[in-house]
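# A structural walkthrough
Below are the chains, spelled out letter by letter.
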Amino acid sequence: MPSRLTDAFRAHPVHLHHKHLLDFTSFQELPDSYKWTQLDDHAHCPPGGDSFVAESVPVIDLSDPNALKKIGHACKTWGVFQVTNHGVPSTLLDITEKASMSLFSLPIQQKLKAARLPDGVSGYGVARIASFFSKLMWSEGFTVAGSPLEHFRQLWPQDYSKFCDIIEEYQLEMQKLAARLMWLTLGSLGITREDIKWAGPKSDFKETSAALQFNYYPACPDPDRAMGLAAHTDSTLLTILYQNSTSGLQVLREGTGWVTVPPIPGGLVINVGDLLHILSNGLYPSVLHRAVVNRTKHRLSMAYLYGPPPSVKISPLSKLVGPSQPPLYRPVTWNEYLGTKAKHFNKALSSVRVCAPLNGFVDVNDHNNRVKVG
Ligand SMILES: O=C(O)CCC(=O)C(=O)O
Ligand SMILES: [Fe+2]
C-alpha cells in the first residue's frame, strides 16, 4: 500500500547520491566531509564532549496516578520526557532492536536494494535533513511508512515475512501507546474527547498516520567532531523513541544547553513534535534534539513518528485560544506541514505562524538562530 505521507516529499525530493552511504567500518580516521564545526550546525554548537548538567529529563511512570499532571509539566517545561511502565512488552522492544540490527548489518550492496527513492518516504538512506547541511552525518537510516513488505523482500528474500511480522506487531503496540499518550497530554491541557472529533468514534486515534524511523550510528573514530543526526524538531504530534543502551540523544534546554537523555532499561522517550506545538497554541513547545556518536560503541534508535489522519487540519484548539491568547498558527494538514518542513527545515514552524506571541515566548527554532548554546 503506498504511504499516504508520500505526497509531501514529491515537491521536495532529496537527491543524495549513494556514495554518501559509506561503509563506516572502513575508516580509521574521520574524513573531512564528516567534520562538523560551529558554522556547519544550525544550532551553532558542534557535538563536543559531554558537559555536566545537573538537570535531567523527567522520567514518568505511567502507572503513577499523577502521570497526567507530570506529563503536562514535562511538556510545558521540557518538550520531552521518558516513560516507564508503558505496557509495551520488553521482549518486543528487544526483538525489534535485533531485527533492525540485522538490517543495518547487511552488506551495503544489499541495503541499497531497498534504497529510498529521492521523492519517497520508505526505505534505506541518509537522514532526509541531510540536504540542509554541507557536512555528512555519521549515521544511516531506514524508514517504514505503511508496510515494509516490498523492501524487506529485497533485503531478505528468504525470511522477510518473519521481519514483517515483527514490524507489524511493533507498529500496533506503538499505535496503542501513542493514543494513550495523546489523551494524557491533551487531558493535561483540559481537552476532552468531545474536543477532538478526529480521534474517531471510539476516541482511539485509529485513523492517524505514522512512520517508523530506524537510525544506526556506527562507532566513530572522532566523535567530538562528528554529528550523528543534526539538531531538529520532529514534524509529528509526538514521537516515541526507543534507544539502545548507548547514550547519544541530546535535547536543548533553554538557558542550559544540550542535555543528554540517558537510556533507561525498558524506557521510552517521548518528544513533543511541531504539530502538538501548533495544537497547543505553543503551550507545549516542540523539543530541539540531536544525536551525537560514540568512539567505541554503536548506537541504535527506533522512532515512531506519530501524526494525525491525512485530511485533518491541525490548528490551535479553540479551548486554548481567546481574546488574550489569539491563535498563533494557521491550520495545516500533516502532509502540508511535511512539505513546509522539507522546504524550510527548522524555520517551518515560524513559516506557519500567523501572529507574534503575546507572552514573549518564541519558537525554539527562531531562538536557536540567535543564541549560542552548549
Ligand atoms: O537517534 C536518536 O536518538 C534521535 C532520532 C531522531 O531524532 C529521529 O529519528 O527523528
Ligand atoms: Fe527526531
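Residues numbered from 1 in each chain as written. Chains lettered and ligands numbered in written order. Predicted model: local features only at pLDDT ≥ 70, side-chain atom pairs only at ≥ 80, totals over all residues. Heavy atoms only, no water.

Mapped onto this structure's residue numbering, the UniProt feature "domain: Fe2OG dioxygenase" (unreviewed entry) falls at residues 208-308. With 6% helix and 45% strand, the stretch residues 208-308 has end C-alpha atoms that lie 5 Å from each other. (UniProt positions renumbered as here; feature names shortened; annotations may be inferred. Helix = DSSP H or I, 4+ residues; strand = E, 2+ residues; numbered from the N terminus.)

Attention now goes to the site of ligand 1. Lining the immediate surroundings of ligand 1 are 13 residues, of which Asn215, Tyr217, His289, Arg299 and Ser301 lie closest. The side chain of Tyr217 places a nitrogen or oxygen atom 2.6 Å from an oxygen atom of ligand 1. In this structure, Ser301 approaches ligand 1 through a side-chain N or O atom, which is 2.7 Å from an oxygen atom. Going through the elements one at a time, β5 (209-217), β6 (229-232), β11 (289-291) and β12 (299-307) are the ones with two or more residues in the shell around ligand 1. Grouping the constituent residues of the shell around ligand 1 by class yields 6 nonpolar, 5 polar and 2 charged. (Near = heavy atom within 4 Å. Polar contact = N/O pair within 3.5 Å; in protein donor to acceptor, adjacent residues only side chain to side chain. Nonpolar A, V, L, I, M, F, W, Y, C, P; charged D, E, K, R; others polar.)

In this section: helix α2 (residues 67-77). Along α2, the residues classified as buried are Ala67, Ile71, Gly72, Ala74 and Cys75. When α2 is viewed along its axis, its buried side chains cluster within an angular range of 165 degrees and face the same direction. Every exposed residue of α2 that faces more than 90 degrees away from the buried side is listed here: Lys69, His73 and Lys76. In this structure, the buried residues of α2 make contact with β1 (59-61), β2 (80-84), α6 (160-187) and β10 (268-272). Looking one or two residues beyond α2, the residue adopting positive phi is Gly79, at roughly 75 degrees. (Buried < 20%, exposed > 50% of the residue type's maximum accessible area, 1.4 Å probe, protein only. Arc of directions from axis to C-beta. Contact = heavy atoms within 4.5 Å.)

What the rule picks out here adds up to 15 aromatic pairs. Residues Phe152 and Trp156 carry aromatic rings whose centres are separated by 5.0 Å and whose planes lie at 85 degrees to one another, so their mutual orientation is edge-to-face. Residue classification places Phe152 among the buried positions, given a relative accessible area of 2%. Taken together, the ring pairs in this structure connect Phe24, Phe27, Tyr34 and Trp138 into an aromatic cluster. Taking NZ or CZ as reference, Arg193 lies 4.6 Å from the ring centre of Trp183, over its face. (Phe/Tyr/Trp six-rings, centres within 6.5 Å; stacked < 30°, edge-to-face > 60°. Lys NZ or Arg CZ within 6 Å of the ring centre and 35° of its normal.)

Right, let's get into the sheet that holds strand β9 (residues 257-260). Read from one edge to the other, the open sheet built from 4 strands follows the order β6-β11-β8-β9, with strand pairing classed as antiparallel. The outermost strands of the open sheet, each flanked by one partner alone, are β6 and β9. The sheet shows a mean angle of 25 degrees between the axes of neighbouring strands, direction not considered. Sheet analysis places strand β8 (residues 249-253) next to β11, joined by 3 bridges and oriented antiparallel. (Pairing = 2+ DSSP bridges. Axes fitted to C-alpha atoms, helices over the stretch in contact; angles between N-to-C directions.)

Counting residues in hydrophobic clusters, the biggest one holds 77 residues, and the most contacted among them are Phe142, Leu181, Phe205 and Ile240. Of all the elements, α6 adds the most residues to this core, at 14 residues. Leu181 has contacts with Leu62, Ile71, Phe81, Val83, Leu238, Ile240 and Ile270, leaving out every residue within four places of it along the chain. Formed by 21 residues, the second largest nonpolar core is a distinct cluster that contains Met137, Met227, Val293 and Phe345. (Core = buried A, V, L, I, M, F, W, Y, C linked by side-chain atoms within 4.5 Å.)

This next bit is on the coordination of the iron ion (ligand 2). In this structure, His232 (NE2), Asp234 (OD) and His289 (NE2) serve as the protein donors to the iron ion (ligand 2), at separations of 2.1 to 2.2 Å. Within one chain, the residues serving as donors to the iron ion (ligand 2) are arranged as H-x1-D-x54-H. (Donors = N, O, S within 2.8 Å, 3.2 Å for Na, K, Ca; no water.)

In a beta sheet, neighbouring strands are held together by backbone hydrogen bonds and run either parallel or antiparallel to one another. One open sheet accounts for 8 strands, arranged β1-β2-β10-β7-β12-β5-β4-β3; its pairing is mixed. The strands lining the two open edges of the sheet, one partner per strand, are β1 and β3 (123-125). Between one strand and the next, the sheet's axes are offset by a mean angle of 25 degrees, whatever the strand orientation. The pairing of β5 with β12 spans 9 bridges and is antiparallel. From the neighbouring strand, Ala211 faces β12, where its bridge partner is Leu305.

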